[in-house]
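# Analysis of the macromolecular model
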Amino acid sequence: MLEHLLHRDRLIVAIGTATVVALAWAYLAGGAGMDTEMMADMPDMAPMPWTLLYAALLFVMWWVMMIAMMAPSVAPTVLLYATVKRKQETASRAAIDAWIFLAGYLVTWAGFSVVAVLAQSALERFGLLSMAMASTSAVLGGIILLATGLYQFTSLKHACLRYCESPLLFLSRHWRPGTRGAFRMGLRHGSYCVGCCWFLMVLLFVGGVMNMAWIIGIALYVAAEKLLPFGQRLSHAAGAVLILSGTIVLARAI
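Values in this document were obtained by computation on a predicted structure and should not be read as measured data.

### With respect to the state of the cysteines
- All told, the structure shown has 0 disulfides when counted by the stated rule.
- Of all cysteine sulfurs, the one in Cys 196 lies closest to Cys 160, which takes part in no disulfide; the gap is 6.6 Å.
- On the basis of relative accessibility, which here comes to 6%, the residue Cys 160 falls in the buried class.
- Just so you know, Cys 197 is unpaired, no disulfide at all, and the nearest cysteine sulfur is the one on Cys 196, 3.8 Å from it.

As structure tokens, then:
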């Protein structure tokens, strides 16, 4: 029975990844350790005072959010990696290395989460975020929308998206052997995904960091951009909408 299960390495990886994603969404739906009722009832109240515990809680919130939003779109790459490894190694080794690849990917988003917490701290210090962790400044919101839209047309965005939407291209160009290689590949793929999507995550400061409608909307868009065959055209269309939205918000605010 054990040998039979080990030969189902890709199924194990797929089920495990789906479980991780489900737990991450459940954590977010439960409020991510935050008092979401108070945040909703008093959105204009000053944010919580910063302590080491509060900063750690915010880091966990951001990282779990990134896992929930990004892990589904990297699943095809992880499964393809497991398939290739299965032809080189034993089934159990392939499954283990696939998990290590995913771990490297998620570590990259942990790094992004640290930066996000620091950015949130700076915005709160200048009074630009509400209790609901949303921008209190229409000008800031407009700038974020406009900048995110412009970024959708940059060469860096296109270069990163190219590797994110093509697992075969990434694996063929950045293959590294061994367990250490699996972790390095995960880190590298994660860096491409951060380069592709980091500005989209900044949009959470406009709608509210714990606004589930915004979180789900951005997650669905990211998945569509990476998994559908017209990802770059979708990226340009979204960029145009964001630029228009940012321009309108700024025009009304000034």
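### Looking at the pattern of salt bridges
- Here the structure, examined in full by the defined rule, presents 2 salt bridges.
- A salt bridge links Lys 85 to Asp 97; its shortest N-O distance comes to 3.1 Å. With Lys 85 in helix 4 (residues 52–88) and Asp 97 in helix 5 (residues 91–125), this residue pair connects regions lying 12 residues apart in the sequence. Here the two residues Lys 85 and Asp 97 agree in accessibility, since each one is buried.

### Brief notes about the packing of aromatic side chains
- Here the structure, examined in full by the defined rule, presents 14 aromatic pairs.
- Residues Phe 101 and Phe 170 carry aromatic rings whose centres are separated by 6.4 Å and whose planes lie at 80° to one another, so their mutual orientation is edge-to-face. Note that Phe 101 is positioned in helix 5 and Phe 170 in helix 8 (residues 167–174), a separation of 69 residues in sequence.
- Residue Phe 170 is classed as buried on the basis of its relative accessible area of 0%.

### With respect to helix 7 (residues 155–164)
- By the burial criterion, the buried members of helix 7 are Lys 157, His 158, Cys 160, Leu 161, Tyr 163 and Cys 164.
- On the buried face of helix 7, the contacting elements are helix 6 (138–151), helix 8, helix 9 (178–202), helix 11 (212–227) and helix 12 (231–253).

### Some details on the packing of helix 11 against helix 12
- Remark: helix 11 packs on helix 12, axes separated minimally by 7 Å, with the N-to-C direction vectors making an angle of 140°. Overall, the two elements helix 11 and helix 12 adopt an arrangement that is oblique. Contact residues: Tyr 221, Ala 224 and Glu 225 in helix 11; Gly 231, Leu 234, Ser 235 and Ala 238 in helix 12.
- The class makeup of the residues in the contact of helix 11 with helix 12 is 4 nonpolar, 2 polar and 1 charged.

### Remarks on the packing of helix 9 against helix 11
- For the pair helix 9 and helix 11, interaxial distance at closest approach is 11 Å and the crossing angle is 145°. Relative to helix 11, the crossing made by helix 9 is right-handed. In this structure, helix 9 uses Cys 193, Cys 196, Cys 197, Leu 200 and Met 201 to contact helix 11, whose residues at the interface are Ile 218, Tyr 221, Val 222, Glu 225 and Lys 226.
- Per-class residue counts for the contact of helix 9 with helix 11 are 8 nonpolar, no polar and 2 charged.

### Quick word on helix 11
- With 16 residues, helix 11 should reach 22 Å at 1.5 Å per residue; the first-to-last C-alpha distance of 22 Å fits that figure.
- Capping of helix 11 at its N-terminal end is provided by Asn 211; its side-chain oxygen lies 3.0 Å from the backbone amide nitrogen of Ala 213.

The rules we used
- Residues numbered from 1 in each chain as written.
- Predicted model: local features only at pLDDT ≥ 70, side-chain atom pairs only at ≥ 80, totals over all residues.
- Heavy atoms only, no water.
- Disulfide = S-S within 2.5 Å.
- Buried < 20%, exposed > 50% of the residue type's maximum accessible area, 1.4 Å probe, protein only.
- Salt bridge = Lys/Arg side-chain N within 4 Å of Asp/Glu carboxyl O.
- Helix = DSSP H or I, 4+ residues; strand = E, 2+ residues; numbered from the N terminus.
- Phe/Tyr/Trp six-rings, centres within 6.5 Å; stacked < 30°, edge-to-face > 60°.
- Contact = heavy atoms within 4.5 Å.
- Axes fitted to C-alpha atoms, helices over the stretch in contact; angles between N-to-C directions.
- Parallel < 35°, antiparallel > 145°, perpendicular 65-115°, else oblique.
- Nonpolar A, V, L, I, M, F, W, Y, C, P; charged D, E, K, R; others polar.
- Left-handed = near helix turned anticlockwise from the far one by under 90°.
- Expected span 1.5 Å × (residues − 1).
- Polar contact = N/O pair within 3.5 Å; in protein donor to acceptor, adjacent residues only side chain to side chain.

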